[in-house]
Amino acid sequence: MTAQLTAAVLGVLLAGTILFLVRRDHLHGPYALWWLGVAAATLILGVFPSVVPWLGVITGISYAPVVPIIVGISMILLRMLQLDIERSRQERQLRRLVQKIAILEAEMNTQRAPSSITDPAISTQLPEDGDWHENE
Amino acid sequence: MQYCLAVMPARDEQNTIVAVIAGVRKHLDCTVLVVNDASSDATVTVARAAGAQVLDLAVNLGAWGATQAGIRYALRHGYDCVLTLDADGQHQPEELPALLQAHHQSKANVTIGTYAQRLSIAKRVAWQYFRLLTGLKVHDFTSGLRVYDLRAIQILASREASLLDYQDIGVLMLLQKRGLLIDEVPTVMSPRQFGGSRVFASWRLVARYMLRTTLLCIARIGSRADASRAEKSAP
């Protein structure tokens with residue numbers, strides 16, 4: 001009974017912390033949703049530990065206590081992969097922003113807009129540079 | 001007549017850059033753009049004083065990130081030709097007009113200035129390996145001396161090219177995938193006066209480079225087949 005109490009307390013604490021962080025605007029959008037999911041799962045497993053052997057029977061894992069470990073590690077791997085994807089996207093954005101700032105700064109220093117540097121004939125057919133906006 | 005922009009990525013090159021800028025300005029009638037890749041020395045001041053335009057990157061983006069900044073500048077300002085060269089004085093400015101002329105005469109979208117003799121045995125082995133892997137018929141993948149036409153500029157300014165790390169195989173594979181023609185012209189090069197190669201600095205870096213590039217090549221295998229089909233169907 002003590003083990004169940006410990007798990008329940010941990011689940012409630014985690015869920016409470018995450019709700020608190022979301023309320024305080026420290027976690028945003030998709031991240032908050034993911035962590036709420038984690039909190040809910042912890043809460044359910046903490047309050048109803050009998051879910052674990054039931055999951056063991058369903059999935060055919062004979063040693064039921066490893067079920068939460070397997071699920072947990074899988075979720076961590078998925079989350080890490082997703083973080084790396086997000087990081088690559090941000091790296092791309094960062095690089096392009098640094099380049100863009102350098103270009104704008106150079107233009108600012110010379111006090112010349114791009115159209116005044118190039119031939120008017122060319123600047124009219126300049127690609128409208130749809131790529132120029134960094135948001136994806 | 002084409003508007004050509006000479007793009008020079010530079011990181012801590014205050015010792016050589018003045019001579020390189022002067023050389024380019026003497027032999028070519030074009031704007032020289034130095035892209036300062038977060039140098040800690042006086043590269044910016046020295047380059048400005050030498051009459052170059054300067055892009056000052058706030059964060060170190062690496063050789064390709066700096067070059068791409070120059071290419072995006074060229075696209076925005078209506079240049080239809082970009083010549084890239086190293087700021088360390090390895091490329092001889094008197095070779096540049098011949099390289100540009102060769103580029104304009106051939107129908108290639110990209111012309112690489114190659115100095116085949118400088119390649120060490122290790123590099124030759126590596127390049128042979130990458131030639132097999134990529135199907136690119138290029139002798140020197142890392143040469144910083146290149147001429148890009150407008151089509152290449154448009155492709156290389158794109159978001160797709162932003163996560164590359166070097167101006168090498170990744171860039172060439174991207175261009176090949178879009179069906180662009182890549183040509184090579186032999187040039188003469190002088191030995192590096194200061195500093196060392198950024199790619200081949202140590203065995204650890206070489207190993208990392210080989211691994212990364214191999215991964216890049218393997219990941220692009222399917223798109224390579226597309227490109228060769230596109231070439232065949234073209235008139």
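Residues numbered from 1 in each chain as written. Chains lettered and ligands numbered in written order. Predicted model: local features only at pLDDT ≥ 70, side-chain atom pairs only at ≥ 80, totals over all residues. Heavy atoms only, no water.

**Student:** Even after reading the chapter, I still don't get the overall build of chain A, so can you show me in this structure?
**Tutor:** Within chain A, the regular secondary structure consists of six helices and zero strands. From first element to last, N terminus to C terminus, chain A shows the α and β order α-α-α-α-α-α. Taken across its 136 residues, chain A has 22% of its residues classed as buried. Accessible surface for chain A amounts to roughly 9600 Å². Of this, 69% is attributable to carbon and sulfur atoms. (Helix = DSSP H or I, 4+ residues; strand = E, 2+ residues; numbered from the N terminus. Buried < 20%, exposed > 50% of the residue type's maximum accessible area, 1.4 Å probe, protein only. Areas by Shrake-Rupley, 256 points an atom, 1.4 Å probe, with all protein chains shown as cover.)

**Student:** Before we go on, may I ask you to explain the packing of helix α1 (residues 2-23) of chain A against helix α2 (residues 29-47) of chain A in this structure?
**Tutor:** Helix-helix packing: each pair is described by the crossing angle between the helix axes and the interaxial distance. Residues and elements named next belong to chain A. Contact geometry for α1 and α2: axes closest at 7 Å, N-to-C directions at 160°. Overall, the two elements α1 and α2 adopt an arrangement that is roughly antiparallel. Relative to α2, α1 is oriented so that their crossing is left-handed. On α2, the residues that touch Gln4, Ala7, Ala8, Gly11, Val12, Leu14, Ala15, Ile18, Leu19 and Val22 of α1 are Ala32, Trp35, Leu36, Val38, Ala39, Thr42, Leu43, Gly46 and Val47. Taken together, the residues that form the contact of α1 with α2 break down as 15 nonpolar, four polar and no charged. (Axes fitted to C-alpha atoms, helices over the stretch in contact; angles between N-to-C directions. Parallel < 35°, antiparallel > 145°, perpendicular 65-115°, else oblique. Left-handed = near helix turned anticlockwise from the far one by under 90°. Contact = heavy atoms within 4.5 Å. Nonpolar A, V, L, I, M, F, W, Y, C, P; charged D, E, K, R; others polar.)

**Student:** What is the right way to read the confidence of the model for chain A from this model?
**Tutor:** Parts of the model with low pLDDT should not have their predicted coordinates read in detail. Averaged over all residues, the pLDDT of chain A is 79; the fraction at 70 or higher stands at 81%. Taken element by element, chain A is modelled with least confidence in helix α6 (residues 120-124) of chain A, mean pLDDT 44, and with most confidence in helix α4 (residues 66-110) of chain A, mean pLDDT 92. (pLDDT = per-residue confidence, 0-100.)

**Student:** I'm lost on the nonpolar core in this one. Help?
**Tutor:** In summary, soluble globular proteins display a tendency toward joint burial of nonpolar side chains. All names here are of chain B. Counting 45 residues, the largest nonpolar core has Leu55, Tyr148, Leu156 and Leu175 as the members making the most contacts within it. If you tally residues by element for this core, the top one is helix α3 (residues 62-76), at seven residues. When neighbours within four sequence positions are excluded, Leu175 is seen to be in contact with Val110, Tyr148, Ala152, Ile155, Leu156 and Leu180. One finds Ala10, Val44, Val54 and Leu83 within the second-largest nonpolar core, a separate group that totals 26 residues. (Core = buried A, V, L, I, M, F, W, Y, C linked by side-chain atoms within 4.5 Å.)

**Student:** Can you help me understand the packing of aromatic side chains in this one?
**Tutor:** Pairs of aromatic rings are described using the distance from one ring centre to the other and the angle between the two planes. A full pass over the atoms with the stated rule returns six aromatic pairs over all chains. Measuring from centroid to centroid gives 5.0 Å for Tyr129 of chain B and Phe130 of chain B, while their planes differ by 50°, and the two rings are tilted. The class of Tyr129 of chain B is partly exposed, set by a relative accessible area of 34%. On the numbers, 6.3 Å between centres and 85° between planes, the contact of Phe130 of chain B with Tyr209 of chain B is edge-to-face. With Phe130 of chain B in helix α5 (residues 121-134) and Tyr209 of chain B in helix α8 (residues 203-219), this residue pair connects regions lying 79 residues apart in the sequence. Looking at Arg79 of chain A, its charged tip hangs above the ring of Trp34 of chain A, at a distance of 5.3 Å from the centre. (Phe/Tyr/Trp six-rings, centres within 6.5 Å; stacked < 30°, edge-to-face > 60°. Lys NZ or Arg CZ within 6 Å of the ring centre and 35° of its normal.)

**Student:** When you look at the UniProt feature "coiled-coil region" (unreviewed entry) in chain A in this model, what are you seeing that I'm missing?
**Tutor:** In the numbering used here, UniProt assigns the feature "coiled-coil region" (unreviewed entry) to residues 80-107 of chain A. End C-alpha atoms of residues 80-107 of chain A are separated by 40 Å, and the span's content is 100% helix alongside 0% strand. (UniProt positions renumbered as here; feature names shortened; annotations may be inferred.)

**Student:** Explain the sheet that holds strand β2 (residues 31-37) of chain B here, please?
**Tutor:** Each strand in a sheet pairs with another by means of backbone hydrogen bonds, the pair being arranged parallel or else antiparallel. Residue and element names in this part refer to chain B. An order of β3-β2-β1-β4-β6-β5-β7 is seen for the seven strands of this open sheet, with the pairing classed as mixed. In this open sheet, the two edge strands, each paired with only one partner strand, are β3 (53-57) and β7 (182-186). In this sheet, adjacent strand axes meet at a mean angle of 20° when their direction is disregarded. Where strand β4 (residues 81-84) lies against strand β6 (residues 146-149), four bridges are found, and the strand directions are antiparallel. Among the inter-strand pairings, Val82 is bridged to a residue of β6, identified as Tyr148. Contacting β5 (110-114), β6 and β7, helix α7 (residues 169-177) crosses the sheet at an angle of about 30° to β6. (Pairing = 2+ DSSP bridges.)

**Student:** Is there a simple way to explain the environment of Arg25 of chain B in this structure?
**Tutor:** All names here are of chain B. Along the polypeptide, Arg25 turns up in helix α1 (residues 17-27). Taking the C-alpha atoms as reference points, Arg25 and Ala6, 19 residues apart in sequence, are found 9.4 Å from one another. Residue contacts for Arg25: discarding those within four places in its chain leaves Val32, Ala50 and Gly51.

**Student:** Help me understand the confidence of the model for chain B, please; the structure alone is not making it clear to me.
**Tutor:** Residues and elements named next belong to chain B. Looking at chain B, the pLDDT average stands at 84 and 86% of residues meet or exceed 70. Looking across chain B, the model is least confident in helix α9 (residues 221-233), with a mean pLDDT of 51, and most confident in helix α6 (residues 150-156), with 96. Predicted confidence is poor over residues 227-235, with pLDDT under 50, and the contacts of this stretch with residues over four places away or in other chains come to two contacts. Overall fold confidence (pTM) sits at 0.79, and the ipTM for the predicted complex is 0.84.

**Student:** Which parts of the structure should I look at to understand helix α4 (residues 96-105) of chain B?
**Tutor:** Residues lying three or four places apart along an α-helix face the same way, a consequence of the helix completing one turn every 3.6 residues. Residue and element names in this part refer to chain B. Of all the positions in α4, only Leu96, Leu99, Leu100 and His103 are classed as buried. One face of α4 carries all of its buried residues, which in axial projection span an arc of 95°. Next to the buried residues of α4 lie β1 (4-10), α1, β4, β5, β6 and β7. (Arc of directions from axis to C-beta.)

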